[in-house]
Amino acid sequence: MSGETNPIDAQAADWAARLDGATLGPADAARLDAWLAADVRHVGAFARAQALLVAYEDMQTPAAPILTTRPGA
């Protein structure tokens, strides 16, 4: 592996980050739709970028403590 960033993956990551917790305006939504429609690889890259973002955010959330006794016991 060369370590170089795939331009499609980089664009997908940019779109996923822009959408994270935000709503795109009409012009940006149209640009995203056009980008997704331009190449089937864009759809897959965008889905992967969103999944990675969700996984990263899940890792940042502290896990609930493990109960050592039953509640109410």
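How each quantity is defined
Throughout, residues of each chain are indexed from 1 in the direction in which the sequence is written. Local features in this predicted model are restricted to residues of pLDDT 70 or higher, and side-chain atom pairs are both shown and tallied only at a pLDDT of 80 or more, whereas totals for entire chains, interfaces and linings draw on every residue. Side-chain measures here rest on the full set of heavy atoms in the structure, leaving out hydrogens and waters. For helices, the axis comes from a line fit to the C-alpha atoms of the stretch in contact; other axes are also lines fit to C-alpha atoms, and the angle between any two N-to-C directions lies between 0 and 180 degrees. Secondary structure elements are defined from DSSP: runs of H or I of at least 4 residues count as helices, runs of E of at least 2 residues count as strands, and each element is numbered from the N terminus. Roughly parallel here means an angle under 35 degrees, roughly antiparallel means over 145, roughly perpendicular means 65 to 115, and every remaining angle is called oblique. The sense of a crossing depends on the near helix, which, turned anticlockwise from the far helix by less than a right angle, makes the crossing left-handed and, turned clockwise, makes it right-handed. We call two residues contacting when some pair of their heavy atoms lies within 4.5 Å. Only Asp, Glu, Lys and Arg are considered charged, only Ala, Val, Leu, Ile, Met, Phe, Trp, Tyr, Cys and Pro nonpolar, and every remaining residue, Gly among them, polar. Within this document, salt bridges are pairs made up of a side-chain nitrogen of Lys or Arg and a carboxyl oxygen of Asp or Glu, the two lying within 4 Å of each other. Relative accessibility thresholds used throughout: buried, under 20% of the residue-type maximum; exposed, over 50%; partly exposed, between the two (1.4 Å probe, protein chains only).

**What about the packing of helix α1 (residues 7-19) against helix α2 (residues 26-38)?**
The description of two packed helices rests on the angle between their axes and on the distance between the axes. In the contact formed by α1 and α2, the axes pass within 12 Å of each other and the chain directions differ by 150°. Classified by the interaxial angle, the pair formed by α1 and α2 is roughly antiparallel. Along this stretch, α1 crosses α2, giving a crossing that reads as left-handed. Contact residues: α1 offers I8, Q11, A12, W15, R18 and L19, while α2 offers D28, R31, L32 and W35. Partitioned by chemical class, the residues of the contact of α1 with α2 number six nonpolar, one polar and three charged.

**Description of the pattern of salt bridges**
Applying the stated criterion to the full structure yields four salt bridges. Close ionic contact of R18 with D28 constitutes a salt bridge, the shortest N to O distance being 2.6 Å. Of this pair, R18 sits in helix α1 while D28 sits in helix α2; the two residues are 10 residues apart in sequence, bridging distant segments of the chain. Judged by relative accessible area, R18 falls into the partly exposed class, the value being 39%. A salt bridge links R31 to D28; its shortest N-O distance comes to 2.5 Å. Residue R31 and its partner D28 are both found in helix α2; the two are separated by three residues, about one turn of the helix. Residues joined by salt bridges that share partners form a network here, namely R18, D28 and R31.

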